[in-house]
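# Notes for the structure review
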Amino acid sequence: MLRGIAFVILFAALATPSFAQDKLKVVATFSILADFVRNVGGDRVDIEALVGTNSDAHVYQPSPSDAKKLADAKVVFVNGLGFEGWINRLIKASGSKAPMIVATKDIKPRKSEDTHGHGDADPHAWQSAANAKIYVANIRDALAAADPAGKGTYEANAAAYLAKLDALDAEVKAAVEKIPADRRKIITTHDAFGYFGAAYGVAFIAPQGVSTESEVSAKDVAKIITQIKKQKIPAVFLENITDDRLLKRIGAESGARIGGTLYSDALTDEKGAAPTYIDMMWHNVKQLAEALMS
Ligand SMILES: [Zn+2]
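Read on for an overview of the structure. (Residues numbered from 1 in each chain as written. Predicted model: local features only at pLDDT ≥ 70, side-chain atom pairs only at ≥ 80, totals over all residues. Heavy atoms only, no water.)

The next point concerns the pattern of salt bridges. Here the structure, examined in full by the defined rule, presents 15 salt bridges. Residue Lys105 pairs with Asp106 through a salt bridge whose shortest N-O separation is 3.6 Å. Looking at Asp106, the relative accessible area reads 60%, which means it is exposed. As a salt-bridge pair, Glu155 and Lys151 come within 3.2 Å of each other at their nearest N and O atoms. Taken together, the residues Glu155 and Lys151, both in helix α6 (residues 151-177) and 4 residues apart, mark about one turn of the helix. The exposure class of Glu155 is partly exposed, given its relative accessible area of 38%. A relative accessible area of 43% means that Lys151 is categorised as partly exposed. Among the charged side chains, a network of salt bridges with common partners joins Glu48, Asp66 and Lys69. (Salt bridge = Lys/Arg side-chain N within 4 Å of Asp/Glu carboxyl O. Buried < 20%, exposed > 50% of the residue type's maximum accessible area, 1.4 Å probe, protein only. Helix = DSSP H or I, 4+ residues; strand = E, 2+ residues; numbered from the N terminus.)

Set out below in structure tokens:
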């Protein structure tokens, strides 16, 4: 009897097509990119993110376990546009031979307008749903190339997800259009919403540039406070990956109110408000509407 059960269990394990060790092992550098890969890869991929939820990829310190994940991966997805300054050295150290796919390929980069005038490429391209569709197309093609047997699955998953992104794009546009045009301006900690602003018509002003690495001077803070008062900017927003203190101070000194927390560069865990990209975009636009319409 016991031998019979063992045999059945063994047979079931062999017959399950998506048995864990058959899955395509892939790595994405951060949680938002991993969510895109999960939506396209479905059951065929085993996806690991290097920078976890609520964590900052700009200033990430890789660990030895990251090198191990890269060494085991068959495909590595990165954002590019200077977002992961640490990735090339890490891939080299890991000995990984996996192709490195730049998910922002074919996206027209926005130049940052940071207060220091560096004019670096802005890496936060995922903040418009139209750009997210380009990420998804690049991911679909890379997974199909790495795992040709799954091509049909990846194409079907991508098509279904692209349709959801189209709907999201239209819904975000409609939600922003309800906010009076002269109130569509806010302050965030770092300049992560340039693509969102360009796509949906909201002005974002940030004391910190496109990377959280840059230092904010007393002069920058004074300039922002003057700007808030002059342009009557209604609200300042905190971010899940940055230090709250600076923005709270700007809020207190300028009279602008704290509108809530926006998710810029990382998702939350399952219990948070933004466990997926679509949840994140929805959460952000709802926060904006609530703070700017009242
Ligand atoms: Zn950022």
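Membership of the largest hydrophobic core comes to 74 residues, with the highest contact counts inside it found for Phe36, Phe77, Phe196 and Tyr277. For this core, the element with the highest residue contribution is α6, accounting for 9 residues. Ile205, Ile228, Val236 and Ile250 belong to the second largest nonpolar core, which has 13 residues in total. (Core = buried A, V, L, I, M, F, W, Y, C linked by side-chain atoms within 4.5 Å.)

Glancing now at the packing of aromatic side chains. This structure, assessed with the given rule, holds 10 aromatic pairs. Residues Phe30 and Trp126 carry aromatic rings whose centres are separated by 5.0 Å and whose planes lie at 55 degrees to one another, so their mutual orientation is tilted. One end of the pair, Phe30, is in strand β1 (residues 24-30); the other, Trp126, is in the loop between β6 (121-122) and α5 (129-146), and 96 residues separate them in sequence. One aromatic cluster is present, built from ring pairs that chain together Phe36, Tyr135, Tyr161 and Tyr277. (Phe/Tyr/Trp six-rings, centres within 6.5 Å; stacked < 30°, edge-to-face > 60°.)

Let us now look at the coordination of the zinc ion. In this structure, His58 (NE2), His124 (NE2), His190 (NE2) and Asp265 (OD) serve as the protein donors to the zinc ion, at separations of 1.9 to 2.0 Å. The site at the zinc ion holds 4 donor atoms, and with the angles between them running 95 to 116 degrees, its shape is tetrahedral. Along the chain, the residues donating to the zinc ion fall in the pattern H-x65-H-x65-H-x74-D. Within this pair, whereas His58 is found in the loop between β2 (45-51) and α3 (64-72), its partner Asp265 is found in the loop between β10 (257-262) and α10 (277-293), the two being separated by 207 residues in sequence. As far as burial versus exposure is concerned, His58 and Asp265 are alike and both buried. (Donors = N, O, S within 2.8 Å, 3.2 Å for Na, K, Ca; no water. Tetrahedral: all angles 85-135°; square planar, octahedral: opposite > 155°, others 65-115°.)

Taking 1.5 Å of rise per residue, the 18 residues of α5 would be expected to cover 26 Å, and the 26 Å separating its terminal C-alpha atoms lies within 8% of that figure. For α5, the complete set of buried residues consists of Ala129, Asn131, Ala132, Tyr135, Val136, Asn138, Ile139, Ala142, Leu143 and Ala144. (Expected span 1.5 Å × (residues − 1).)

Here we take up the sheet that holds β2. In a beta sheet, neighbouring strands are held together by backbone hydrogen bonds and run either parallel or antiparallel to one another. Read across the sheet, 4 strands follow the order β2-β1-β3-β4 without closing on themselves; strand pairing throughout is parallel. Looking at strand neighbours, the two that pair on one side only are β2 and β4 (100-102), the edges of this open sheet. Averaged over all pairs of adjacent strands, the angle between their axes in this sheet comes to 25 degrees, without regard to strand direction. The pairing of β1 with strand β3 (residues 75-78) spans 3 bridges and is parallel. Bridging from a neighbouring strand, Ala28 pairs with Phe77 of β3. Relative to β2, α3 is tilted by about 150 degrees, and along the sheet it contacts β1, β2 and β3. On top of the sheet, α5 reaches β1, β2, β3 and β4; it is set at about 170 degrees to β3, its chief contact. (Pairing = 2+ DSSP bridges. Axes fitted to C-alpha atoms, helices over the stretch in contact; angles between N-to-C directions. Contact = heavy atoms within 4.5 Å.)

The next point concerns the environment of Asn138. Residue placement: Asn138 occurs in helix α5. Overall, Asn138 belongs to the buried group, its relative accessible area being 9%. In the structure, Asn138 is positioned 28 residues away from Arg110 in sequence and 19 Å away in space, judged by C-alpha atoms. For Asn138, the residues in contact, after removing those within four places along its chain, are Ile101, Val102, Ala103, Thr104, Lys105 and Asp106. Only 2.9 Å separates the side chain of Asn138 from the backbone oxygen of Lys105, close enough to count as a polar contact. (Polar contact = N/O pair within 3.5 Å; in protein donor to acceptor, adjacent residues only side chain to side chain.)

This part covers the environment of Asn131. Topologically, Asn131 is positioned in helix α5. The exposure class of Asn131 is buried, given its relative accessible area of 12%. Here the alpha-carbon distance between Asn131 and Ala199, two residues 68 residues apart in the chain, equals 9.5 Å. Not counting residues up to four positions away in its chain, the partners in contact with Asn131 are Ile107, Ala125 and Tyr195.

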